[in-house]
Amino acid sequence: MTNQELHDEMVAAMKAKDKTRLSIIRQVMAEVKNVEVNERRDATEEDVTSMVKRLIKQTSETLEMSIKAANNQERTDTLTEQVKILESLLPAQLSGDELVALIEQTIAEVGATTRKDMGRVMGALNKATGGNFDKAAAAKEVGARLA
């Protein structure tokens, strides 16, 4: 997602009067703006994606603590909705047949034959997709193919 697409999402949330979505998008935009100001450069698509992932991680951790505390259901519901909104801002993750095909291609490119090569394969997958794949499913599939 580019900075412009993020801005368009914000405008759409304003028009829909979706306060939760607007709040989250503004939070992401503030993080992106911090990168632009601190590093004196325009934010790239990777910057936006990394900010969204970081916010998902932070919000998920807060959600886990809220669930453990079990004292404020409204807050827990709000955090759950925020995580869903943040996940919707990420590009779709590779999974299923697409992931299997990429794994086969990567194994062939890397020349992996044993389980010792699994780290190299996973690293190459990560580089090829920008980390945008189901890592658990990929590790299981790679392990099965290299066994």
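Residue positions are given per chain, counted from 1 along the sequence in the order it is written. Reporting in this predicted model follows two pLDDT cut-offs: at least 70 for local features of residues, and 80 or more for side-chain atom pairs to be given and counted; totals over whole chains, interfaces and linings ignore these cut-offs and use all residues. With hydrogens and water stripped out, all remaining heavy atoms of the structure feed into the side-chain values.

Going by what an unreviewed UniProt entry lists, the protein chain is known as GatB/YqeY domain-containing protein and is assigned to Enorma phocaeensis.

Time to look at the confidence of the model for the protein chain. A score between 0 and 100, pLDDT records how confident the predictor is in each residue. Taken residue by residue, the protein chain gives an average pLDDT of 89. The fraction at 70 or more is 100%. Segments assigned H or I by DSSP are reported as helices when at least four residues long, segments assigned E as strands when at least two residues long, and all are numbered from the N terminus. Ranking the elements of the protein chain by mean pLDDT puts helix α7 (residues 135-146) last with 87 and helix α1 (residues 3-16) first with 93.

Our focus in this paragraph is unusual backbone geometry. A positive phi is found at Lys17, a non-glycine position, where the angle reads about 55°. With respect to the helices, strands and loops of the structure, Lys17 is situated in the loop between α1 and α2 (19-39). Type-normalised accessible area, obtained with a 1.4 Å probe on protein chains alone, sets the label of each residue: buried when under 20%, exposed when over 50%, and partly exposed for intermediate values. The exposure class assigned to Lys17 is exposed, which follows from its relative accessible area of 70%. Even without being a glycine, Ala70 presents a positive backbone phi close to 50°. Relative to the assigned elements, Ala70 resides in the loop between α3 (45-69) and α4 (73-89).

Another aspect to go through is the packing of α2 against α3. A pair of packed helices is captured by two measures, namely the crossing angle of their axes and the spacing between those axes. Where α2 contacts α3, the two axes come as close as 9 Å, and the packing angle between them is 125°. On the basis of the axis angle, α2 is oblique to α3. Crossing angle aside, the handedness with which α2 passes α3 is right-handed. Contacts from Gln27, Val28, Glu31, Val32 and Val35 in α2 reach Asp47, Val48, Met51, Val52, Arg54 and Leu55 in α3. The residue inventory of the contact of α2 with α3, partitioned by class, reads 7 nonpolar, 1 polar and 3 charged. The axes are straight lines fitted to the C-alpha atoms, using for helices just the contacting stretch, and the angles between their N-to-C directions are given from 0 to 180°. Roughly parallel here means an angle under 35 degrees, roughly antiparallel means over 145, roughly perpendicular means 65 to 115, and every remaining angle is called oblique. Here a crossing is called left-handed whenever its near helix is offset anticlockwise from the far helix by less than a right angle, and right-handed whenever the offset is clockwise. Contacts were defined at the residue level, with two residues in contact if any of their heavy atoms lie within 4.5 Å. Each residue gets one label: Ala, Val, Leu, Ile, Met, Phe, Trp, Tyr, Cys and Pro are nonpolar, Asp, Glu, Lys and Arg are charged, and the others, such as Gly, are polar.

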